[in-house]
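Chains, contacts and geometry: an overview
Below, each chain spelled out in residue letters.
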Amino acid sequence: MSVRGWLRTLARFTAPPPEGSSQAVQPPSAGVLPGGSAIVREMVEKATTPDGARAALDEYDQALRALAGKGRVRYRAGLLEEAQQALQRIEISPSLGTSVKILQELFTDCADVIMRGMLVGGERPAVLIFLDGLVAEDRLELSILTPLTQGPAPAGAPIDLVKWLEGVALAAKETLPIQTIGQVVEAVLVGDSVLLMDGVGQGLVLSTRFWPQRAIEEPISEANIRGPRDGFIETLRTNTMLIRRRVKSPHMKFEHAVIGRRTRTDVAIAYVKGITSPALLAEVRSRLGRVDIDVLLDSGMLEEFIEDQPFSPFPLMMSTERPDRVVAGVLSGQVAVLVDGSPTVLLLPVTFWHFMKAGEDYYNRFWMGTLVLWLRFLFLILSLLGPSLYVAITSFHQEMIPTNLLLSIAAAREGIPFPVLIEALIMEVFFEALREAGIRLPRQIGQAVSIVGALVIGEAAVRAGLVSAPVVIIVAATGIASFTIPQYQMGLTFRLLRFPIMLAAGFLGLFGIMVALVALLVHLCGLRSFGVPYLQPIAPLDFAGLKDTLVRAPLWLMGKRPGLLDTVNSQRQSPRLKPGPPGGGSA
């Protein structure tokens, strides 16, 4: 609902009554709120608004007017907070009609908000407020409405709603008494139902949250041959369950936060007490507490507000959809940040070497894990420098090429109208366009378009004499090499860096490549992820950490957690776990 719509609604309600008239509030027009029964309409017609509620709504009205500011909606942090605090000062009135009237005015033009009137026990008027589509209808009907309407009516005053509901065996999973209209609004908007009863100056939140969710399945971007096949989804509670089922310990903690003044997005901080550094945890809480935005839809939006150096092309937090990777991280001393509505979890702090590892490396034998890790480093260099080296050597350093190969390249380039640099840039841009098109198109079409497009365009360009065959081979090899990087974020970074290094090679040859690499290395040495050096344990050097950086050491050798995280308890396992044949003899 727009700010202007809120103002029009509240203006009708907060306007002073004409002289000589009573304080009775005029009921809204018919059909304003779906589900309004005759009981609700009768209560609204008799509703009056206490002075305290009217003053709070006036304050709410003023805050929204200031937020709107002469027809242009401008974000001013304090104003929306003042408006929300004004709602928290409106107490639930013992007069059911007054509370219902205020809620109807607040939810005007909200067709999905239902107010269902009833007679509890056939005697006492009550209203159940809920959001259509976000509640479990079977639970609402069988566990709430049926016991309320068929059970005995509460007698006497005042009434303790919680104790009375226990007497009628209301089978709601959670019940929470609330005192203000603001609490009613918050509860309804997250999918709970709120019960208001005539003669009772409080409400009761009943847990009826339910929304459709997709099945738990393997993440497409992080597929493994060996290892768990489940992945996070868009529901926060399901994601915390996937972590909890792997870490069956009370030391596994999930701290709750709410970010986004409009979206009110739930955020969870996951860590293991007794392992995670208290200083790291305090820094995470501090950075999340400073985030003051209107909308939070994905963890990627949150990442931009809490990273150390926002202008760096390198990712300073790891995003993953694999629960096993998150569990391994938090048990090593990292902190995970989960955002409701996002299947991607943030792990922090991280180093450059975290992005070169896949979870599958630790599920296979360490020899194979080390070999695959070295292959990734090799192809990482190729994906970054392949086209640049070709451009530099063929343009400035032909003497480095063997004679036969030089003659082949010269024959292939005969008749090509573009310099080597322009030729390589054209092919790189087309290759990136094909890769992006393959991602954005539907899956069945995208694979065919990317493969057929690369073959057809490459072959046609060579036959037409626009590019040479060696450039097509180099660009294709570079693209394949970039796919070996396990983390998509890091792959994007090297795809971006390839172009400036290629330009440096085209203008300055190998000297330009060296200048670009030195600048890149200096930048990497200066990066921090929540205070942790990005190249540790290489820079600064830590010999103990090298066994899980440049190689994948056997698991029975990794008895301690990484020293870079400054964990409270560094011991991971017993130091004497090396397997051997029976009797302790050597194989």
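Source: prediction; values computed, not measured. (Residues numbered from 1 in each chain as written. Predicted model: local features only at pLDDT ≥ 70, side-chain atom pairs only at ≥ 80, totals over all residues. Heavy atoms only, no water.)

Taken as a class, soluble globular proteins show a tendency for nonpolar side chains to be buried jointly. Of all hydrophobic cores here, the largest spans 44 residues; its most connected members are F314, A336, L338, F352, M490, F494 and Y534. When residues of this core are traced back to their parent elements, those giving at least two are α9 (236-244), β7 (265-272), α12 (323-330), β9 (335-339), β10 (345-348), α13 (366-396), α18 (488-508) and α19 (510-526). Among the elements that make up this core, the one with the highest residue count is α13 (six residues). Beyond its immediate stretch of four places on either side in the chain, Y534 contacts F314, P315, L316, V350, T351, F352, F355, M490, L524 and L527. In terms of nonpolar packing, the next biggest core, distinct from the first, is built from 24 residues, I92, L106, V113 and I178 among them. (Core = buried A, V, L, I, M, F, W, Y, C linked by side-chain atoms within 4.5 Å. Buried < 20%, exposed > 50% of the residue type's maximum accessible area, 1.4 Å probe, protein only. Helix = DSSP H or I, 4+ residues; strand = E, 2+ residues; numbered from the N terminus. Contact = heavy atoms within 4.5 Å.)

Two faces, one strand: in a regular strand the side chains alternate between the faces of the sheet. For β7, a buried count of seven out of eight residues is recorded, marking the element as mostly surrounded by other parts of the structure. Sheet topology places strand β6 (residues 252-259) next to β7; eight bridges connect them, and they run antiparallel. Paired with A257 across the strands is V267, a residue of β7. Note: β7 against β9, four bridges, orientation antiparallel. Bridge assignment links V267 to a residue of β9, and that residue is V339. (Pairing = 2+ DSSP bridges.)

Take empty space enclosed by the protein next. Inspection of the entire model under this criterion finds one cavity of 30 Å³ or more. Considering only enclosed or pocket space, the largest cavity measures out at about 40 Å³ in volume. Residue composition of the lining of the largest cavity, grouped by class: three nonpolar, two polar and four charged. (1 Å grid on protein atoms, 1.4 Å probe; cavity = no way out; pocket = protein on both sides within 12 Å on 5 of 7 lines; lining within 4 Å. Points joined across faces, edges and corners; volume = space filled by probe spheres on them. Nonpolar A, V, L, I, M, F, W, Y, C, P; charged D, E, K, R; others polar.)

This next bit is on the sheet that holds β9. Adjacent strands of a sheet form backbone hydrogen bonds with each other and so pair up, either parallel or antiparallel. Sheet architecture is open: five strands sit in the order β6-β7-β9-β10-β8, paired in antiparallel fashion. Two strands in the sheet have a free side with no partner beyond their single neighbour: β6 and β8 (318-320). Neighbouring strand axes in the sheet, compared pairwise and without regard to direction, differ in orientation by 25° on average. Inspection of the sheet shows β8 paired to β10 by three bridges, in the antiparallel sense. Across the sheet, S319 pairs through a bridge with L346, a residue of β10. Its contacts with the sheet place helix α10 (residues 278-290) against β6, β7, β9 and β10, and it is angled at close to 170° to β7. (Axes fitted to C-alpha atoms, helices over the stretch in contact; angles between N-to-C directions.)

Looking now at the environment of G333. Its location among the elements puts G333 in the loop between α12 and β9. Overall, the relative accessible area of 0% leaves G333 in the buried class. In sequence terms G333 and G274 are 59 residues apart; their C-alpha atoms lie 9.2 Å from each other. Not counting chain neighbours up to four residues away, the residues in contact with G333 comprise I275, T276, L280, L565 and T567.

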